[in-house]
Amino acid sequence: MAVVRLVAVFTQSLRLLNGGNQVVHVVRHATRRMAREGVDDRMLRGELLPDAAGLDDLWRSLRVQRIVGVWVPTRVPAPLLADEIEARIGRVTFEDTTVRALKLDVQVP
């Protein structure tokens, strides 16, 4: 999932909590950025893999929204289960990580 969409998920979840200051989501992310050949590959584009967020990109984007992301140490490999796709992406792997997001501008009553 692209970083922009992930940030929207976190900000909307926090908004819907009406005063809540934390939310937990499981995020599927790439363990590294994809090489230019992978980004330009039509098959991988169709699978939305070049848009996969890296955790560093997600943390930076959340901070802009005054949200701090804290990953819970439960990283689970997320295999793609398609040999042709695995061969095309090279050394990029994917993981599911539980992310706890905390809103920084909490107003104390």
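Before reading on, note that the structure itself is shown above.
Numbers given for residues are sequential positions, taken from 1 along each chain in its written order. Residue-level local features of this predicted model are given only where pLDDT is at least 70; pairs of side-chain atoms are given and counted only at 80 or more, and the full residue set underlies all totals for whole chains, interfaces and linings. Based on all heavy atoms of the structure, the side-chain values leave hydrogens and waters out of the count.

### Structural notes on the overall build of the chain
- A helix here means a DSSP run of H or I that spans at least four residues, while a strand means a run of E at least two residues long, and both kinds are numbered starting from the N terminus. On a plain count of helices and strands, the chain comes out with five helices and three strands.
- In sequence order, the secondary structure elements of the chain are arranged as α-β-α-α-α-β-α-β.
- By definition, residues are in contact when any of their heavy atoms lie within 4.5 Å. Here the contacts in the chain between residues at least 6 apart in sequence split such that 72% fall between residues at least 24 apart.
- Calculation of accessible area relied on Shrake-Rupley with a 1.4 Å probe; when residues are assessed, cover is drawn exclusively from the protein chains displayed. Entry remark: accessible area of the chain is about 7200 Å², with carbon and sulfur atoms responsible for 53%.

### A closer look at the nonpolar core
- The set of buried Ala, Val, Leu, Ile, Met, Phe, Trp, Tyr and Cys residues whose side-chain atoms join them within 4.5 Å is what this entry labels a nonpolar core. In this scheme, a residue with accessible area under 20% of its type's maximum is buried, one over 50% is exposed, and one in between is partly exposed, where area comes from a 1.4 Å probe on protein chains only. Membership of the largest hydrophobic core comes to 14 residues, with the highest contact counts inside it found for Phe10, Val27, Leu58, Trp59 and Leu62.
- For this core, the secondary-structure elements that each account for two or more residues are α1 (3-16), β1 (22-30), α4 (55-64) and β3 (94-103).
- It is α1 that contributes the most residues to this core, five residues altogether.
- Dropping the residues within four chain positions of it, tryptophan 59 is found in contact with Gly69, Val70, Trp71 and Val99.
- If you look at the next biggest cluster of nonpolar residues, it comprises nine residues, including Met34, Val39, Ile89 and Val92.

### Topic: unusual backbone geometry
- You will see that arginine 66, though not glycine, has its phi angle at about 60 degrees, which is positive.
- Looking at where arginine 66 falls in the secondary structure, it is placed in the loop between α4 and β2 (67-77).
- Judged by its relative accessible area of 44%, arginine 66 is partly exposed.

### Quick look at the packing of α1 against α4
- Think of each axis as a best-fit line through the C-alpha atoms, taken over the contacting stretch in the case of a helix, with angles from 0 to 180 degrees between the N-to-C directions. Where α1 contacts α4, the axes come no closer than 10 Å and their chain directions differ by 50 degrees. Relative to α4, α1 is oriented oblique. Of the two elements, α1 crosses α4, and the hand of that crossing is right-handed. Along the contact surface, α1 presents Val3, Leu6, Val7 and Phe10, while α4 presents Asp57, Leu58, Ser61 and Leu62.
- Each residue is assigned to one class: nonpolar for Ala, Val, Leu, Ile, Met, Phe, Trp, Tyr, Cys and Pro, charged for Asp, Glu, Lys and Arg, and polar for all the others, Gly among them. Taken together, the residues of the contact of α1 with α4 break down into six nonpolar, one polar and one charged. Each angle is binned into one of four classes, with values under 35 degrees roughly parallel, values over 145 roughly antiparallel, values of 65 to 115 roughly perpendicular, and all other values oblique. Take the far helix as the reference: if the near one is turned anticlockwise from it by less than a right angle, the crossing is left-handed, and if turned clockwise, right-handed.

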